[in-house]
Every structure is written in C-alpha cells, then in structure tokens.
Amino acid sequence: MSASSSASSVSPAGGRDRVRALQRVLYRSAKQDPERRFHALFDKVARSDVMLRAWSDVRANKGAPGVDGISIEDVEIVGVQVFLEDLAAQLRAGTYRPRPLRRVHIPKPGRPGQTRPLGIPTVRDRVVMAAAKIVLEPVFEADFLASSFGFRPKRSAHMAIEEIRVAANRGGDWVLDADIKACFDTIDHQVLMADIGRRVIDRQMLKLLGCWLRAGIFEGGIITSTEEGTPQGSPISPLLANVVLHRLDQAFKDPARRAGMLIRYADDFVIVCGTAHHAHEAQERARSVLAEAGLQLSPEKTRIVELIKSKEGFDFLGFHLRKVESWKWRGKWYLQRWPSARAMKTIRARIRALTGRRYAGLPLAAVVTRLNLVLRGWGSYFRVGNSARKFHQIDSYVHERLALLASDKHQRSGRGWTTRHNGEWRRSLGVYTLDGTVSHGNAHTPR
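Residues numbered from 1 in each chain as written. Predicted model: local features only at pLDDT ≥ 70, side-chain atom pairs only at ≥ 80, totals over all residues. Heavy atoms only, no water.

## Thoughts on the overall build of the protein
And step 1. Secondary structure assignment for the protein yields 17 helices and eleven strands.
And step 2. Computed over C-alpha atoms, the radius of gyration of the protein comes to 25 Å, within 12% of the 22 Å expected from 2.2 N^0.38 for 447 residues, which places it in the range of a compact globule.
And step 3. In terms of its C-alpha atoms, the protein occupies a principal-axis envelope of roughly 75 × 60 × 50 Å.
And step 4. Out of the 447 residues belonging to the protein, those deemed buried represent 50%.
And step 5. Counting contacts in the protein only where the partners sit at least 6 residues apart, residues at least 24 apart contribute 70% of the total.
And step 6. Working note: accessible area of the protein is about 22100 Å², and carbon and sulfur atoms make up 51% of it.
And step 7. Side chains of the protein give 72 positive and 45 negative charges; the mean places of these two sets differ by 6 Å. (Helix = DSSP H or I, 4+ residues; strand = E, 2+ residues; numbered from the N terminus. Rg over C-alpha atoms; globule rule 2.2 N^0.38 Å. Buried < 20%, exposed > 50% of the residue type's maximum accessible area, 1.4 Å probe, protein only. Contact = heavy atoms within 4.5 Å. Areas by Shrake-Rupley, 256 points an atom, 1.4 Å probe, with all protein chains shown as cover. Lys, Arg positive; Asp, Glu negative; His and termini not counted. Charge placed at Lys NZ, Arg CZ, Asp CG, Glu CD.)

## Quick look at helix α16 (residues 388-409)
And step 1. With 22 residues, α16 extends 31 Å from end C-alpha to end C-alpha; this agrees with the ideal 32 Å at 1.5 Å per step.
And step 2. Within α16, burial applies to F391, I394, D395, Y397, V398, H399, R401, L402, A403, L405, A406 and S407.
And step 3. In the stretch just after α16, Q411 is the one whose phi turns positive, near 55 degrees. (Expected span 1.5 Å × (residues − 1).)

## Some details on the pattern of salt bridges
And step 1. This model, assessed by the stated rule, comprises 21 salt bridges.
And step 2. Two residues, R264 and D249, come together in a salt bridge whose shortest N-O distance is 2.8 Å. Here the residue R264 occupies a position in strand β6 (residues 261-265), and D249 occupies one in helix α12 (residues 237-251), the gap between them amounting to 15 residues.
And step 3. In the salt-bridge network here, residues are joined through shared partners; they are R18, R47 and D49. (Salt bridge = Lys/Arg side-chain N within 4 Å of Asp/Glu carboxyl O.)

## Regarding the side chain of R124
And step 1. Within the element layout of this structure, R124 appears in helix α7 (residues 123-141).
And step 2. R124 gets classed as buried once you look at its relative accessible area, which sits at 16%.
And step 3. One polar contact links R124 to D125, side chain to side chain, over a distance of 3.5 Å.
And step 4. Contacts of R124, omitting those with residues within four sequence positions, involve D68, F83, L87, Q90, Y96, R97, P98 and R99. (Polar contact = N/O pair within 3.5 Å; in protein donor to acceptor, adjacent residues only side chain to side chain.)

## Some thoughts on the packing of aromatic side chains
And step 1. Here the structure, examined in full by the defined rule, presents seven aromatic pairs.
And step 2. Centre to centre, the rings of Y381 and F382 are 4.8 Å apart; their planes meet at 90 degrees, and the pair counts as edge-to-face.
And step 3. Since its relative accessible area comes to 26%, Y381 is described here as partly exposed.
And step 4. A relative accessible area of 5% means that F382 is categorised as buried.
And step 5. Connected via pairs of aromatic rings, a cluster forms that spans F319, W378, Y381, F382 and F391.
And step 6. Sitting above the plane of the F149 ring, R155 keeps its charged end 4.4 Å from the centroid. (Phe/Tyr/Trp six-rings, centres within 6.5 Å; stacked < 30°, edge-to-face > 60°. Lys NZ or Arg CZ within 6 Å of the ring centre and 35° of its normal.)

## Looking at the sheet that holds strand β10 (residues 319-325)
And step 1. Taken together, the three strands give an open sheet; going across it, the order is β9-β10-β11, and neighbouring strands pair in antiparallel fashion. Only two strands of the sheet have a single neighbouring strand rather than two, namely β9 (313-316) and β11 (333-339). With direction set aside, neighbouring strand axes in the sheet form an average angle of 30 degrees.
And step 2. Sheet topology places β9 next to β10; four bridges connect them, and they run antiparallel. The residue bridging F316 from the neighbouring strand is F319, located in β10.
And step 3. Contacts from helix α8 (residues 157-169) reach β9, β10 and β11 within the one sheet, and its direction differs from that of β11 by about 155 degrees. (Pairing = 2+ DSSP bridges. Axes fitted to C-alpha atoms, helices over the stretch in contact; angles between N-to-C directions.)

## Description of the pairing of strand β3 (residues 174-179)
And step 1. Most of β3 is tucked away, with six of its six residues classed as buried.
And step 2. Along β3, one buried face is formed by W174, L176 and A178 and the opposite face, lined by V175, D177 and D179, is buried too.
And step 3. Alignment of β3 against strand β7 (residues 268-273), held across six bridges, turns out to be antiparallel. From the neighbouring strand, D177 faces β7, where its bridge partner is V270.

## Description of the packing of helix α10 (residues 189-197) against helix α11 (residues 203-213)
And step 1. Here α10 crosses α11 at 155 degrees, and the two axes come no closer than 11 Å. Taken together, α10 and α11 sit at an angle that is classed as roughly antiparallel. Crossing of α10 over α11 shows right-handed handedness. Here α10 contributes H189, L192, M193 and I196 to the contact with α11, which in turn contributes L206, L209, G210 and L213.
And step 2. Taken together, the residues that form the contact of α10 with α11 break down as six nonpolar, two polar and no charged. (Parallel < 35°, antiparallel > 145°, perpendicular 65-115°, else oblique. Left-handed = near helix turned anticlockwise from the far one by under 90°. Nonpolar A, V, L, I, M, F, W, Y, C, P; charged D, E, K, R; others polar.)

## Quick look at the confidence of the model for the protein
And step 1. Scored by pLDDT, the protein comes out at a mean of 90, with 92% of its residues at no less than 70.
And step 2. Scored below 50 in pLDDT, residues 1-15 makes 15 contacts in the model with residues more than four places away or belonging to other chains. (pLDDT = per-residue confidence, 0-100.)

## Re helix α4 (residues 48-61)
It helps to recall that an α-helix has 3.6 residues per turn; residues three or four apart then point in one direction.
And step 1. For α4, built from 14 residues, the straight-helix expectation of 20 Å at 1.5 Å per residue is met to within 8% by its first-to-last C-alpha distance of 20 Å.
And step 2. D49, V50, M51, A54, W55 and V58 are the residues of α4 that are buried.
And step 3. Contacts from the buried residues of α4 go to α2 (18-32), α3 (42-45), α5 (72-78), α6 (80-93) and α7.
And step 4. The first or second residue beyond α4 is K62, which carries a positive phi of 60 degrees.

## A few points about the side chain of T437
And step 1. One can find T437 in the segment after α17 (423-428).
And step 2. When residues no more than four places from it in sequence are discounted, the contact partners of T437 are R383, F391 and Y432.

So, in structure tokens, the structure goes:
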C-alpha cells in the first residue's frame, strides 16, 4: 500500500487527524526501509489539509512581513481560504516562485551592541516552507539519532541538559563545549542536496528546495545571490540544518569508536568525555566531519572544559553546568545546572525595563501583571535543576525594583524595605515568586 493511499484511508471521523496520519505513514515507511528513497512527496505539499496546517503554524509563530510587505493580518483581511487555494494552484501548475529574503539584523541576547543577521521570507513562502516541512520531517525523523534534540518533535532543551548530566555523572569529567561558526549561513548547498537525496528523489520537491536556497537576500535595495547557507528564519531551515548535521551525530554513534558522548541542539553541541585525550580526539573528529559540509568550529566559542572537582563549568542552552561536591557524600562530585551569567543579566535587564520610572504613572497592579508574565516564562524554563539560589536573587531584585518604583510614584525617597515596602507589601501586590518553584525532577529523554 502506498503512503498516499494509506493516509487517505484514515478519515477524521475515525478520530485521527489526516495530516498526522500522513506523517505517521511517511515515518513508518522510512523507518521500515532505511534505504527507501521517496519519489512522490511534492503533491502532498499542496494538499488543502497540509496547507491549512502550515498556515496555522505560520500564524502561531507570527513574524514580520517579507519583501512584499504583506503581513499575516493582510492575508486574513483578504481571506485565508482564497490565499491558500491560490498558493496551492500555483504549486500544482508549477508557477510558484519564492521571493528573496528580507535581511534584518536583530540584537543578540545579553550582548549589547552585537547583532545577528536574519532572513525573513514572505508570508506565502513561509506557508509553503511549513507545508514542505510537514511532509519532509517524518521522512528524516526516521533516520535522526537520539543525540540530536534541537527543533525536533517531542524533544526539548531540558532533555539535552539531562542527557549531559547523566553522561557527566557516569564518569564524564571532560567536555568539549563547541559551537559551529555561522552554521546556517555557510552550509554547502551541494552537500545539503546530496544528503536530502539519500531519501528524496522527487524532482519537483528537490527543485522547490533548490529555489529556496538560491532565492537571494534583499538588503539596502540590493538583491544578493546566495551560494551557501539555508534560509535562516524560515520554518524549514532548522530541518535542513539537522539533515546536514546528522553526519556529525553519526560520527559519534558507535560506542566502541566514539571519543565521547555527543549531545547536540541544532548548531550548538557538547561532547562529554572521560579524559582530556578523548576530548581533544573528539574535537578533531568533529572538525573533520564538519569540514566535509563546508562548516567549521567557532574558535571563540569552542573550548575543552575540565569538570573534575569543579575546576571549570560551561554554559549550554542558557544554563551554567558545573560539578559540585555532594553535601551528603563528601568526595563525590555531581553535575548541577542553574541560569548562566548571561541569562541572569538578561532577566535583570528585562525587569529593569518593566519597572523603570516612566511607569510611575501606571497602577502598580498593571506593572506587576506584565512583570509576572516575564517571571513565569523565565522561571518555567530554569526551574528544573539547581536554581534556588539564583531564583532568590531575582526575587530580591524584583522586590528592590518595585520598591523604587513605588517610592518614585509617591515621590518618596529610599526603598523603605522594613516599613512601607516590606515582604508583606510585595505579597499583597500578587508578585510572582520564583522561590520554592525549583524542581529536581529529571526530564525524560526518549531513546
């Protein structure tokens, strides 16, 4: 039975989403036959249910307009159904052509004055990219390894952190903390298309992917051609990066040959090793594998860290990870994690911005409402681990900033910690408190 006939035989009345059913069929087909190459995928991109799901994903992610200036709101005004039907008709007729990416530079979190380039596709291109991702993702998910966590279904940053913790506590006293230099901008197109070709031989689908890679970048009134890299900022870019970086995962797959355990989240990865020799060996192997795809390790962000007796720590996915001696079993050292210095600096800056003097004219309840949204979001990410001390510091800082704002509001000097702005006053405002929310539970990592 073909993938298309299997998927279409599953009706919504049976309690299963047809798009999910299509993805399950594609995944199982790829999983059952690791050598299978799919030749009929493009037609599924233009399916009405796939296009509607793609639109929902694009709308949920919001985003700015592309070079045509058309926003998500503009599409809704004209009519989503008309928009999707016209787009699907262009795909079927072979007249669809992507527009160049609109290049913008966004600030790097925690790095004042530094920016990173981002290419923004048009809304119509984002919808087609999201539809193509829906179809292609299950095919490649069948091959992806457990060491990869970034931008994959049912996998998260917390799972990657937990995998590092387990590996370090099982004798991993050295870590290669690595970063790929400008990964999304320097991926070799020929290597990428060759890796995609291992699973996809549908000419129309390959042509569509090639058009996106060569769409060019619009900046300062000039369109620049793209000879390498993936359309960063697009829905399909993380999947394409994972396809190429799968070769890195494979290089550390065999326990008998690997120098250490690889844990990768998109273009950031660490390799947990038992000795310094293994860490250097892992660095050379990673450098060699990446060079085949036109990629290289970032000299500034790649280093070998010794974890023995807390000599060093390293930052990964916003956390600082460091071995700490057990208070119960002296002489035993275990990896712990808490918000990194950059993460602390970022949240402090956000709190400072939300409690500045310009808000003295607003009711404190309104300030607290907006502040709580930020605190809940930040706290929910860092609550798993050993963040109690850092959470207490942030709670104290929030108290201080609100006390200063209240004093400005009523034109009083000082903070008044023990009198008018004490702990009871803070609780009466309904300020979200991070203290007591830390969870030491372990994230489940699917194997």
